[in-house]
Amino acid sequence: MAQVWLALTLGGTVAAFAAALVALLASADWEWRSSFPVGGEPLHLRLDGLSAMFLALLSLVGGLGAIYAQEYWPEKIHGKSASRGRIWWIAMILSMGLVLLSSNGMHFLIAWELFAVSGYFLVTLDGSRKGVREAGWVYLAASHFGTLCLFAFFATLAGRTGSWELGPMREQANLAPLFWLALMGFSVKAGLFPVHVWLPSAHACAPSHVSALFSGVAIKMGVYGLIRFSGWLPVPPIAGWVLVGIGSVSALFGIAFAFAQDDLKRLLAYCSVENVGIITIGIGGALLAVGHGQAKWGALLMAGALLHVWNHGLFKTLLFFGAGSVLHSTGTKEMSRLGGLWRGMPWTAALFTLAAVAICGLPPLNGFVSEWLLYLGLFGSATVRDSCSWASMPAVVVLAVAGALSLATFVKAGSVVFLGAPRTKAAEDPHESGMLMCGPMVALAGCCLLIGSAPVLLWPILARAVCSWNPDWAAIEAPVSLSTLSITAAAVAALFVAAIILLWRKVNANGVRRALTWDCGYSTPTPRMQYTGGSFSAIIVRSLAWLFLPERDQHRPHGAFPVGASRIERVPEIVLERVVKPSSRLVIRLAAKARQLQHGRLQFYIMYLVGGLTILAILVFVEETK
Amino acid sequence: MKSLIETVFRLVVWLFVAPLLPGIVNRVKSWIAGRKGPPLLQLYFDLARLWKKGVVLSTFASPGFVAGPAVAWVAMVCAALLVPLGPAGSTINFNGDVILLVYLLAAARFCTVWAALETGSSFEGMGSAREVSYAVLTEAALITAVLSLSVQTGSVALNGMLSQSSGPGAALLAAGLFSVLLAENCRVPFDDPNTHLELTMIHEAMVLDHSGPPLAVILHGASVKLLLFSVLLSEAVLPLGGMSPLAAAGALAGAVAVVTIGVGLVESLLARFAFRRVPLLLTTAFLLCLFALLLAWKGGTQ
């Protein structure tokens, strides 16, 4: 059964991937109308450059995740939840595909809701644990807040245009304020700060292949919505500024929180908030460029944002697969319990490291290319020296600081998990995952390398997608420097490999002796002396304590023969625990107060009726006498 | 063919001049302290000696322990090759090469820190944690300096940015970049390259367990980094593009020498700061660069 499912899923995703590639390389959009009504509206599907970019990512991650799940979430261990997982996996991929294709507001909403609900069932696959159920619940609630905004958005849109049909309508200026509704709805799904509250726990609690699909693709649906409707509809002039602002806040706070985490998957989840923030900076900058008629750097920003969608989808999926491999092998994702895993799982360690380098935006991997395009656009905007520079100059500094913080974060994640000595029993005897888990990871790593060392090949695809976003930028040529960058990046990659080989041979020629870590003369260093993730991030966590509000559980040693001292520090999700939960408690208290009106005594109900009728009568009377 | 020979020549200049700088710094320090001090070419001797030595590897270390220094060194040298050498220009010149330079430096940092953490030692952990944490502020200062040069000259390529005058903010930019140079190269007052108390170090604490050729590569890479930052600082401040080639080459060499002697003087006259004051100093460097940016914004060439 599982094999049939896998074959069908792979067949479907390969077909979708091929369709997306054809749409990206061809110059015309694919459109399909049918008179068959769904929900009272005739079907209308459309695949243009923009939706094809997202569809390609969706089908790639969907297919690889399906392979990965075969080994990671098998029937043997997880019983019925494995088959449930297969059904919801398909449902989620199909509904996301429908979101990308549908060109009708009603169908968009239906697909969006299906996608949200199937996401809920995937997150709660392991529903026997309380934390998982809670995470699923928060996700469902946040998701529906977003859907509510989208209901309002599409309904108002349909009301103002007189039809549910979607398409380019930039010239209708009265639609511009609707952008704020779309922003509210889509940013919840995209996980932008501060409406990212559902994201960390959902990503951490879901099975790893589901986390990968969420982080790699599902949050990108929010990004897709933002790009799609900022392209089709007119936007208020201030929209670009707001997006750059929100993006900057998300990028900085997301990565700062990621650095402070101890749970490997939570760390990766917060890092998604950062990356969506970076993408949003690009979108906002491109909107500013449209407003100021600056096609040259605007197109660079949009291309950078779109490429970062792909890149983040690739390396974040790889990182979550790696984290899943670690969890599968050791049974824990708490970094303070891991260490020294590279011996037992060299493939996972190497691939995770590669993805870590890529996500830090370091050359010669793919993360660098998209960040380079964004930098180039922002610098271009700054050198023009009009009012946009006041958005782009801070954004450059934000990108740099976020880059330095993500370097710190991923050095921490990789080294605490894979390097040094095992910290607990759990990490002492890890085993490498099999072909079905490592194969998809190798494929993703290959994509990262390819995009990183030959970015110029991708430019036609990016230009096509940018052109579907804004048809005025159809004649944008590839920046000349992109081809130089491609050659340079490929050369740098080759030099890295050559240097490693040469130094390795030199070291072996000179003779190698293995000994205990010197550490300035320790004779018996123990794993407990190692730096932990918490100590690694202590400098920054302490200086940002006003933001993190870390919770400490501390037992100092007492007496002459102290036993059992401990110190546990945790950085909570502050928006959820300090803002959302208290305010929802307030709502519940008010609701409980309102329930006192309903007490089952008939005479009071009759009184309510009489009172209500009287007020109605007065209203009618007042209207009549006017 | 001609460009290949030129690249090789450039490479030779970078690789052979770089180890001279720490020698100059040490001479200045010993001269001020009234000591005899190590010879000017001490680092060359050290490198040659280390290159021939055997290696002791930690039992915990993975192949990344050797690969890290190798990649970091290549990243540093590639970054150096992007920097134009006064009148000779740079090897490769394209729009946005400055971003590549900044990120190659970050790649070198990633590899150094990664290799340090291979050993599972807490000293190396301390050094690495400090390195990546303070880098957040230096990165902000560095990118702001780059941005101010870019806004001033209207160019996003190193050749265009560095050949012109950096305008009214030159002094601010010089002060900011000099602080960045000190912090990035782990010099006093941020770090003390000579101390033997591991608890107080950043860079030295990270390379405690390296030996033999990998250590030689690390030391050489550090000297290339010092030269790179000195050249960047000199070219950012001096309008070399306006001079005749010979004068520009002379001015560049002189300025690099002045910067190096300046590092030596700072090292002789100042004590290392307490770690909690380091962020303050780095923030000051960032603010200096920020003001340079604002001045460039008001005044640069349109």
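From a predicted model like this one, the values you see are computed outputs, not experimental measurements. (Residues numbered from 1 in each chain as written. Chains lettered and ligands numbered in written order. Predicted model: local features only at pLDDT ≥ 70, side-chain atom pairs only at ≥ 80, totals over all residues.)

1. So, the overall build of chain A
So, step 1. The helix and strand tally for chain A stands at 23 helices and five strands.
So, step 2. What you see for chain A is a C-alpha radius of gyration of 26 Å, in line with the 25 Å of a compact globule of 626 residues.
So, step 3. With the C-alpha coordinates aligned to their principal axes, the bounding extent of chain A is approximately 105 × 70 × 55 Å.
So, step 4. Within chain A, the fraction of its 626 residues that count as buried is 54%.
So, step 5. Taking the contacts inside chain A whose residues are at least 6 apart along the sequence as the reference set, 79% of them involve residues at least 24 apart. (Helix = DSSP H or I, 4+ residues; strand = E, 2+ residues; numbered from the N terminus. Rg over C-alpha atoms; globule rule 2.2 N^0.38 Å. Buried ≥ 20, exposed ≤ 12 C-beta atoms within 10 Å, placed from the backbone. Contact = placed C-beta atoms within 7 Å.)

2. A look at the overall build of chain B
So, step 1. The helix and strand inventory of chain B stands at twelve helices and one strand.
So, step 2. Walking chain B from its N terminus toward its C terminus, one meets helices and strands in the order α-α-α-β-α-α-α-α-α-α-α-α-α.
So, step 3. Against the compact-globule benchmark of 19 Å for 302 residues, chain B has a radius of gyration of 19 Å, which places it among compact chains.
So, step 4. Summarising its shape, the C-alpha atoms of chain B cover approximately 60 × 50 × 40 Å along the three principal directions.
So, step 5. Counting across all 302 residues of chain B, residues that qualify as buried make up 59%.
So, step 6. Here the analysis covers contacts within chain B between residues at least 6 apart in sequence; of these, 80% occur between residues at least 24 apart.

3. Comments concerning the interface of chain B and chain A
So, step 1. At the interface, 64 residues of chain B touch 65 residues of chain A.
So, step 2. The set of elements that each furnish at least two residues to the side of chain B that touches chain A consists of β1 (55-58), α4 (64-82), α5 (97-117), α6 (122-153), α10 (212-237) and α12 (278-299) of chain B.
So, step 3. Broken down by element, the residue count for the side of chain B that touches chain A peaks at 17 residues, all from α6(B).
So, step 4. Of the residues that constitute the side of chain B that touches chain A, the class distribution is 41 nonpolar, 16 polar and seven charged. (Nonpolar A, V, L, I, M, F, W, Y, C, P; charged D, E, K, R; others polar.)

4. Quick notes on the domain arrangement of chain A
So, step 1. Along its sequence, chain A is organised into domain 1 (2-471) and domain 2 (574-625).
So, step 2. Using only C-alpha atoms to locate each centre, domain 1 of chain A and domain 2 of chain A end up separated by 42 Å. (Domains from an automatic or database assignment.)

5. Quick look at the nonpolar core
So, step 1. Counting 331 residues, the largest nonpolar core has A:Met53, A:Ala355, A:Val396, A:Cys448, A:Val466 and B:Phe110 as the members making the most contacts within it.
So, step 2. At 20 residues, the largest contribution of residues to this core is made by helix α15 (residues 389-418) of chain A.
So, step 3. Non-local contacts of B:Phe110, meaning those with residues more than four positions away in its chain, are made with A:Val357, A:Cys360, A:Leu362, A:Leu407 and A:Val411. (Core = buried A, V, L, I, M, F, W, Y, C linked by C-beta atoms within 7 Å.)

6. Regarding the pairing of strand β5 (residues 566-570) of chain A
Residue and element names in this part refer to chain A.
So, step 1. Within β5, only zero of the five residues are buried, leaving the element largely exposed.
So, step 2. The sheet contact formed by strand β4 (residues 551-555) and β5 spans five bridges and is antiparallel. Directly across from Glu551, in β5, lies its bridge partner Arg570. (Pairing = 2+ DSSP bridges.)

7. Structural notes on the confidence of the model for chain B
So, step 1. For chain B, the average pLDDT comes to 90, and 97% of its residues sit at 70 or higher.
So, step 2. Scored by ipTM, the complex comes to 0.95, with pTM at 0.95. (pLDDT = per-residue confidence, 0-100.)

8. Structural notes on unusual backbone geometry
So, step 1. Following A:Phe193, the chain continues into A:Pro194 via a peptide bond in cis, with omega recorded as 0°.
So, step 2. Here A:Pro194 lies in the loop between α7 (178-190) and α8 (199-205).
So, step 3. Even without being glycine, A:Leu549 reaches a positive phi, approximately 45°.
So, step 4. Structurally, the position occupied by A:Leu549 is in the loop between α21 (545-548) and β4.
So, step 5. The phi dihedral of B:Cys186 is positive, around 55°, even though this residue is not glycine.
So, step 6. You can see B:Cys186 is positioned in the loop between α8 (170-184) and α9 (203-206).
So, step 7. Judged by the 23 C-beta atoms lying within 10 Å of it, B:Cys186 falls in the buried class.

9. Considerations on the packing of helix α12 (residues 295-330) of chain A against helix α16 (residues 435-453) of chain A
Residue and element names in this part refer to chain A.
So, step 1. Taken N-terminus to C-terminus, the directions of α12 and α16 make an angle of 150°; their axes are 9 Å apart at the nearest point. As summarised for this structure, α12 and α16 are arranged roughly antiparallel, according to the angle between their axes. Pair α12 / α16 crosses with left-handed handedness. Side by side, α12 and α16 meet where Asn311, Leu314, Phe315, Thr317, Leu318, Phe321, Gly322 and Ser325 of the first sit next to Met437, Pro440, Met441, Leu444, Ala445, Cys447, Cys448 and Ile451 of the second.
So, step 2. The residue makeup of the contact of α12 with α16, split by class, is twelve nonpolar, four polar and no charged. (Axes fitted to C-alpha atoms, helices over the stretch in contact; angles between N-to-C directions. Parallel < 35°, antiparallel > 145°, perpendicular 65-115°, else oblique. Left-handed = near helix turned anticlockwise from the far one by under 90°.)

10. With respect to the pairing of strand β1 (residues 30-38) of chain A
Residues and elements named next belong to chain A.
So, step 1. For β1, the buried fraction is low: zero of the nine residues fall into the buried class.
So, step 2. One ladder, built from six bridges, connects β1 with strand β2 (residues 41-47); its direction is antiparallel. Bridge pairing in β2 places Trp30 opposite Leu47.
So, step 3. Here β1 hands over to β2 after two residues, with Gly39 in that stretch at a positive phi of 65°.

11. Let's talk about the environment of A:Met345
Residues and elements named next belong to chain A.
So, step 1. Structurally, Met345 can be placed in the loop between α12 and α13 (346-359).
So, step 2. Judged by the 24 C-beta atoms lying within 10 Å of it, Met345 falls in the buried class.
So, step 3. Along the chain, Met345 and Ser329 lie 16 residues apart, while their C-alpha atoms are 8.8 Å from each other.

12. Description of the packing of helix α4 (residues 80-101) of chain A against helix α5 (residues 105-123) of chain A
Residue and element names in this part refer to chain A.
So, step 1. Direction vectors running N to C along α4 and α5 enclose 155°, while the axes themselves pass 8 Å from each other. As summarised for this structure, α4 and α5 are arranged roughly antiparallel, according to the angle between their axes. In the crossing of α4 with α5, the sense of the turn from one axis to the other is left-handed. Of the residues in α5, those in contact with Gly85, Trp88, Trp89, Ala91, Met92, Ser95, Met96, Leu98 and Val99 of α4 are Phe108, Ala111, Trp112, Leu114, Phe115, Ser118, Gly119, Phe121 and Leu122.
So, step 2. Considering only residue class, the contact of α4 with α5 consists of 14 nonpolar, four polar and no charged.

13. Focus on helix α22 (residues 574-595) of chain A
All names here are of chain A.
So, step 1. With 22 residues, α22 extends 31 Å from end C-alpha to end C-alpha; this agrees with the ideal 32 Å at 1.5 Å per step.
So, step 2. The largest bend along α22 measures about 30° and falls at Val580, with the proline Pro582 one to four residues further on.
So, step 3. Where burial is concerned, little of α22 is hidden: zero out of the 22 residues are buried. (Expected span 1.5 Å × (residues − 1). Bend = angle between axes of the 7 residues up to and from the residue.)

14. Section: the environment of A:Ser370
Residues and elements named next belong to chain A.
So, step 1. In this structure, Ser370 sits in helix α14 (residues 366-384).
So, step 2. Its 29 C-beta neighbours within 10 Å are what place Ser370 among the buried residues.
So, step 3. Placed 85 residues apart in sequence, Ser370 and Gly285 show a C-alpha to C-alpha distance of 14 Å.
So, step 4. With residues up to four places along the chain from it excluded, the contact list for Ser370 reads Gly304, Leu307, His308 and Asn311.

15. Observations concerning the environment of A:Tyr375
So, step 1. Tracing the sequence through the fold places A:Tyr375 in helix α14.
So, step 2. The sequence separation of A:Tyr375 and A:Val235 amounts to 140 residues, and the corresponding C-alpha distance is 24 Å.

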